[in-house]
Amino acid sequence: DTAVSQTPKYLVTQMGNDKSIKCEQNLGHDTMYWYKQDSKKFLKIMFSYNNKELIINETVPNRFSPKSPDKAHLNLHINSLELGDSAVYFCASSQGPGQGGNEQFFGPGTRLTVL
Amino acid sequence: GDSVTQMEGPVTLSEEAFLTINCTYTATGYPSLFWYVQYPGEGLQLLLKATKADDKGSNKGFEATYRKETTSFHLEKGSVQVSDSAVYFCALSDQWTGGFKTIFGAGTRLFVKA
């Protein structure tokens, strides 16, 4: 019954590696997001997709590439991982632009540690 | 640009104490306002929301009123419990050229002691 799920929950990897995080929502929402939360709990939007179309692309290194194969999935691929990429990454979804006040539903997070 | 400012934590209270976490915002349009809560090791979840001025959002004993005149959305609870220990985020959702964007405050950590 999980509404927004992410895999893996923990990811430990070496600098320079490439890794992916997967996200799926079963809420029938049109819009999905990726956020990065740093060690001080500050939450920053990275990307947003509406119906598989990229609508928000914040100032994020181009080593980060989102992919939305359909509107229920939004994956995040990261190339050439750096120490500063260590954080918790949250996927979220919402009904659609402006619907429901844009209430967002979050996944449980993926804790990425780059060694 | 739009922004959200909330009081710095941590906030430490004894059980049954009164809680206020201040939140103010700046926005160019007419945003919706939210409080989200994050329990340890979990994602954020919506606590309450208000979509227009003077609306009061409430849930689980928490409440907040959308005050347009003071651009505030302060979170209150009359009697906190140990289980309320978490990080609380104030947020706004506003329209921009690409659609709608949500801006989160920096979060306020609450510790409640038994």
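Preceding this paragraph is the structure being described.
Not measured: the values here are computed from a predicted model. (Residues numbered from 1 in each chain as written. Chains lettered and ligands numbered in written order. Predicted model: local features only at pLDDT ≥ 70, side-chain atom pairs only at ≥ 80, totals over all residues. Heavy atoms only, no water.)

**Here we look at the pattern of salt bridges**
All names here are of chain A. Stated precisely, the cut-off is as follows: Between Lys or Arg on one side and Asp or Glu on the other, a salt bridge is scored when a side-chain nitrogen of the former is within 4 Å of a carboxyl oxygen of the latter. Strands are runs of DSSP state E lasting at least 2 residues, helices are runs of H or I lasting at least 4, and numbering of each runs from the N terminus. Relative accessibility thresholds used throughout: buried, under 20% of the residue-type maximum; exposed, over 50%; partly exposed, between the two (1.4 Å probe, protein chains only).
In the structure shown here, the tally under the stated rule is eight salt bridges over all chains. Here glutamate 82 makes a salt bridge to arginine 63, at a shortest N to O gap of 3.5 Å. Of the two residues, glutamate 82 sits in the loop between strand S8 (73–78) and strand S9 (87–94) while arginine 63 sits in the loop between strand S6 (53–57) and strand S7 (64–70), which places them 19 residues apart along the sequence. Residue classification places arginine 63 among the buried residues on the basis of a relative accessible area of 14%. We note a salt bridge from arginine 63 to aspartate 85, for which the minimum N-O separation is 2.8 Å. A residue pair is termed long-range when its members are at least 10 positions apart, and arginine 63 in the loop between S6 and S7 and aspartate 85 in the loop between S8 and S9 qualify at 22 residues. In this structure, arginine 63 and aspartate 85 share a single accessibility class: buried. Three or more residues joined by partner-sharing salt bridges are found here, namely Arg63, Glu82 and Asp85.

**Digging into the pairing of strand S2 (residues 11–14) of chain B**
All names here are of chain B. As a reminder of what qualifies: Here, a strand pair is defined by DSSP locating no fewer than two bridges between the strands.
Residues Val11 and Leu13 of S2 are buried on one face, while the alternating residues Thr12 and Ser14, pointing to the opposite face, are not. Here S2 pairs with strand S12 (residues 108–113) via four bridges, running parallel. If you follow threonine 12 over to S12, its bridge partner there is phenylalanine 111.

**Let's talk about the packing of aromatic side chains**
Here a ring pair, both rings aromatic, is described through the centre-centre distance and the interplanar angle of the planes. Stated formally: Paired rings are identified among Phe, Tyr and Trp, the last through its six-membered ring, by centres lying within 6.5 Å, and are further divided according to the angle between planes into stacked (under 30 degrees), edge-to-face (over 60) and tilted (the rest).
Scanning the entire structure with this criterion turns up 12 aromatic pairs over all chains. Taking the centre distance of 6.3 Å and the plane angle of 80° together, the rings of phenylalanine 90 of chain A and phenylalanine 106 of chain A count as edge-to-face. Taken as a pair, phenylalanine 90 of chain A in strand S9 and phenylalanine 106 of chain A in strand S10 (residues 105–106) lie far apart in primary sequence, 16 residues in all. Here the two residues phenylalanine 90 of chain A and phenylalanine 106 of chain A agree in accessibility, since each one is buried. Geometrically, the ring pair formed by phenylalanine 34 of chain B and tyrosine 36 of chain B is tilted, given 5.8 Å between the ring centres and 35° between the ring planes.

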